[in-house]
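Listed below, chain by chain, are the residues.
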Amino acid sequence: MQQKFSLTVEEKQKIFHTQLVKFGVEYEIARKASEILAREKPDEVLTQEEIRLTKEACKHWSAQRKRIKHLMFLLNSDNSATLDSPDEIG
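Calculation criteria
- Residues numbered from 1 in each chain as written.
- Predicted model: local features only at pLDDT ≥ 70, side-chain atom pairs only at ≥ 80, totals over all residues.
- Heavy atoms only, no water.
- Helix = DSSP H or I, 4+ residues; strand = E, 2+ residues; numbered from the N terminus.
- Expected span 1.5 Å × (residues − 1).
- Buried < 20%, exposed > 50% of the residue type's maximum accessible area, 1.4 Å probe, protein only.
- Contact = heavy atoms within 4.5 Å.
- Phe/Tyr/Trp six-rings, centres within 6.5 Å; stacked < 30°, edge-to-face > 60°.
- Core = buried A, V, L, I, M, F, W, Y, C linked by side-chain atoms within 4.5 Å.
- Axes fitted to C-alpha atoms, helices over the stretch in contact; angles between N-to-C directions.
- Parallel < 35°, antiparallel > 145°, perpendicular 65-115°, else oblique.
- Left-handed = near helix turned anticlockwise from the far one by under 90°.

Visitor: Can you walk me through helix H2 (residues 27–39) in this structure?
Guide: In an α-helix there are 3.6 residues to a turn, and that puts residues three or four apart on one side. With 13 residues, H2 ought to run about 18 Å at 1.5 Å a step, and its terminal C-alpha atoms sit 19 Å apart, in line with that. Note on H2: the residue one or two positions beyond its end, Glu40, has a positive phi of about 55°.

Right, here's the structure in full:
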């Protein structure tokens with residue numbers, strides 16, 4: 001059975017901020033974007049600057065996350081190819 005639990009706005013903000021910074025979003029931009037995201041307000045009540053800043057931060061996060069995921073895939077596939085290589089078995 002799944003349990004539902006809710007996070008406070010502050011907890012959500014910390015999670016968003018950590019993830020944004022982890023994937024290369026500038027600290028201050030990540031702070032502002034995480035505040036906006038944690039509040040979960042619809043776009044209609046946000047300013048154009050808030051929307052732009054949040055989209056920019058999320059776009060950067062997404063691109064960096066995909067890049068790192070791809071690099072990890074390449075590293076893992078390169079390692080397994082090296083380990084499976086008949087030349088290495090001796």
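Visitor: Just checking my understanding: could you explain the side chain of Thr54 for this structure?
Guide: Secondary-structure assignment places Thr54 in helix H3 (residues 48–84). Using a relative accessible area of 10% as the deciding quantity, one classes Thr54 as buried. Apart from the residues lying within four places of it in its own chain, the contact partners of Thr54 are Ala33, Ile36 and Leu37.

Visitor: How do you make sense of the packing of aromatic side chains when you look at a structure like this?
Guide: Any pair of aromatic rings gets described here by the distance separating the centres and the angle formed by the planes. In total, this model carries 1 aromatic pair according to the counting rule given. When the ring of Phe23 is compared with that of Trp61, the centres are 6.2 Å apart and the planes differ by 85°; the resulting orientation is edge-to-face. Placement of Phe23 in the loop between helix H1 (9–22) and H2 and of Trp61 in helix H3 is noted, with a sequence separation of 38 residues between them. A relative accessible area of 25% places Trp61 in the partly exposed class.

Visitor: So what exactly am I meant to see when it comes to H1 here?
Guide: With 14 residues, H1 should reach 20 Å at 1.5 Å per residue; the first-to-last C-alpha distance of 20 Å fits that figure. Directly after H1, the chain includes Gly24, whose backbone phi takes a positive value near 95°.

Visitor: What exactly am I supposed to notice about unusual backbone geometry here?
Guide: Phi at Glu40 takes a positive value of approximately 55°, unusual for a residue other than glycine. Along the polypeptide, Glu40 turns up in the loop between H2 and H3.

Visitor: Quick question: what am I supposed to make of the nonpolar core here?
Guide: Nonpolar side chains in soluble globular proteins tend to be buried together. Counting 9 residues, the largest nonpolar core consists of Leu20, Val25, Ala30, Ala33, Ile36, Leu46, Ile51, Leu53 and Ala57. Of all elements in the fold, only H2 and H3 reach the threshold of two or more residues within this core. Here Ala30 is in contact with His17, Leu20, Val21 and Val25, once residues within four sequence places are set aside.

Visitor: Whenever I open this one, the packing of H1 against H2 confuses me. Can you help?
Guide: The relative placement of two packed helices is expressed as an angle between their axes plus a distance between the axes. Where H1 contacts H2, the axes come no closer than 8 Å and their chain directions differ by 140°. With respect to each other, H1 and H2 are oriented oblique. Pair H1 / H2 crosses with right-handed handedness. Contacts between H1 and H2 pair Val9, Lys12, Gln13, Phe16, His17, Leu20 and Val21 from the former with Tyr27, Ala30, Arg31, Ala33, Ser34, Glu35, Leu37 and Ala38 from the latter.

In short, geometric facts, not functional conclusions.
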